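# Working through the structure, step by step
Residues per chain, in single letters:
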Amino acid sequence: MSMRGTVESVLLSEPEIQQRIDLLGEEINRDYAGRELLAVCLLKGSVVFMSDLIRRLQMPLTIDVMRASSYGDATESSGSVKILQDLDRDISGLDVLVVEDIVDTGRTLAKTLDLLRFRQPRSLKICTLLDKPSRREVQIPIDYTGFVIEDHFVVGYGLDFDEHYRQLPYIGILKL
Ligand code: 5GP
């Protein structure tokens, strides 16, 4: 088995990430105090962030997962996003927080949000660990952001290259 590329440098260390998630958790706890939340994990890149984030949350919480096609999929050029795995339950009337790994062009998330909005949740907010605003093509209101980063291709902490590197506890810049 071989893994392509090497991690050239560490962009965000494990303690930096964990400290930032402490603060995000506090903010989300404040905003949703007295309410119940459904956290939606966008697979697969967000699983690590999601699992760390929800362990900081104190309100009554349920989780669900969803998978939409992104990068490298044939659908990208057509501008349509394919839902590869949908939520288990109806979200109408619920407070929904979508948990994302990284917002890049914003295309995948924009389409996913359109679909979720159509199902009439009581509220719909977005929490992303990373934001790469320099590459944005579709404007998306992001409610909670971990870190704003430059235009690097990053891996680790859930983010992959060719399905590898997801297990790194830090975020690194990949050199091919
Ligand atoms: P968007 O539709 O915003 O362009 O794409 C978002 C998705 O592309 C993310 O959820 C992620 O899966 C992937 N992506 C975007 N930038 C990066 C990156 O720097 N590294 C990795 N590993 N994936 C990325």
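Heads up: these notes are all about the structure in this document. (Residues numbered from 1 in each chain as written. Predicted model: local features only at pLDDT ≥ 70, side-chain atom pairs only at ≥ 80, totals over all residues. Heavy atoms only, no water.)

## Some words on the pairing of strand β5 (residues 95–103)
Filter applied, for reference: Burial classification: accessible surface area is computed with a 1.4 Å probe over protein chains only, and a residue below 20% of its type maximum counts as buried, one above 50% as exposed, and the rest as partly exposed. Secondary structure counts use DSSP, requiring at least four H or I residues in a row for a helix and at least two E residues in a row for a strand, with both numbered from the N terminus. Two strands qualify as a pair provided that DSSP identifies no fewer than 2 bridges between them. The crossover handedness rule: strands pointing away from the viewer, path from first strand over the helix to second strand clockwise, crossover right-handed.
Burial analysis of β5 places nine of its nine residues in the buried class, the great majority of the element. In this structure, β5 lies alongside strand β6 (residues 123–131), joined through eight bridges in parallel fashion. The residue bridging V103 from the neighbouring strand is D131, located in β6. In this fold, β5 hands off to helix α3 (residues 107–118), which returns the chain to β6; that crossover is right-handed.

## Topic: the site of the ligand
To be explicit about the condition: Each residue is tested against the molecule or strand, and it is near if at least one of its non-hydrogen atoms lies within 4 Å. Whenever a nitrogen or oxygen atom comes within 3.5 Å of another N or O atom, the pair is scored as a polar contact, on the condition that within protein one atom can donate a hydrogen and the other can accept it, and that pairs from neighbouring residues in sequence are kept only if both atoms are in side chains. A 1.4 Å probe and the Shrake-Rupley method give the accessible areas. Residues count as covered only by the protein chains that appear here.
Near the ligand, the surroundings consist of 16 residues, among which T105, G106, T108, V154 and D160 are the closest. Backbone polar atom of D160 to a nitrogen atom of the ligand: 2.7 Å apart, as the coordinates give it. Considering the ligand on its own, with 510 Å² of exposed area, one finds that the protein chains cover 93% of that surface. For the shell around the ligand, the element with the highest residue contribution is β5, accounting for three residues.

## Side note on the layout of surface pockets
Condition: Put plainly, a pocket is an open set of points on a 1 Å grid over the protein atoms alone with protein on both sides within 12 Å along at least five of seven lines, a cavity is a set where a 1.4 Å probe fits but cannot get out, and a lining residue has an atom within 4 Å of a point. Grid points are joined across faces, edges and corners, and a volume is the space filled by probe spheres set on the points. Each residue gets one label: Ala, Val, Leu, Ile, Met, Phe, Trp, Tyr, Cys and Pro are nonpolar, Asp, Glu, Lys and Arg are charged, and the others, such as Gly, are polar.
For the second largest pocket, the calculated volume is near 240 Å³. Considering the residues around the second largest pocket, the lining is formed by E36, L37, L38, T62, I63, D64, D88, R89, D90, I91, L94 and D95. Those elements that place two or more of their residues in the lining of the second largest pocket are β2 (37–43) and β3 (61–68). For the lining of the second largest pocket, the element with the most residues is β3, which contributes three residues. Each residue belonging to the lining of the second largest pocket can be placed in one class, and the counts come to five nonpolar, one polar and six charged.

## Section: the sheet that holds strand β4 (residues 83–85)
What counts here: Helix axes are fitted to C-alpha atoms over the stretch in contact, other axes to C-alpha atoms as well, and angles between N-to-C directions run from 0 to 180 degrees. Contact criterion: two residues are considered in contact whenever any of their non-hydrogen atoms come within 4.5 Å of each other.
Taking strand neighbours across the sheet as the criterion, the six strands line up as β4-β3-β2-β5-β6-β7 in an open arrangement whose pairing is mixed. Only two strands of the sheet have a single neighbouring strand rather than two, namely β4 and β7 (144–148). Neighbour-to-neighbour, the strand axes of the sheet open up by a mean angle of 30°, direction not taken into account. Both β3 and β4 contribute to a ladder of two bridges, which runs antiparallel. Note on β4: the bridge partner recorded for A68 is I83. Across the sheet, helix α2 (residues 47–54) touches β2, β3, β5 and β6, and the angle it forms with β2 is around 160°.

## Some thoughts on the nonpolar core
Here is the rule we go by: The criterion is simple. A nonpolar core is a set of buried Ala, Val, Leu, Ile, Met, Phe, Trp, Tyr and Cys residues joined through side-chain atoms within 4.5 Å.
Residues I28, F49 and L130 are the most contacted members of the largest nonpolar core, which totals 28 residues. Residue assignment for this core shows that the elements contributing at least two residues are α1 (14–31), β2, α2, β5, β6, β7 and β9 (171–175). Of all the elements, α1 adds the most residues to this core, at four residues. If we ignore the near neighbours within four places in the chain, the residues touching I28 are L37, L53, L57, M59, L97, C127 and Y144. Among the nonpolar cores identified, the runner-up in size contains 15 residues, and L87, I91, V103 and L113 belong to it.

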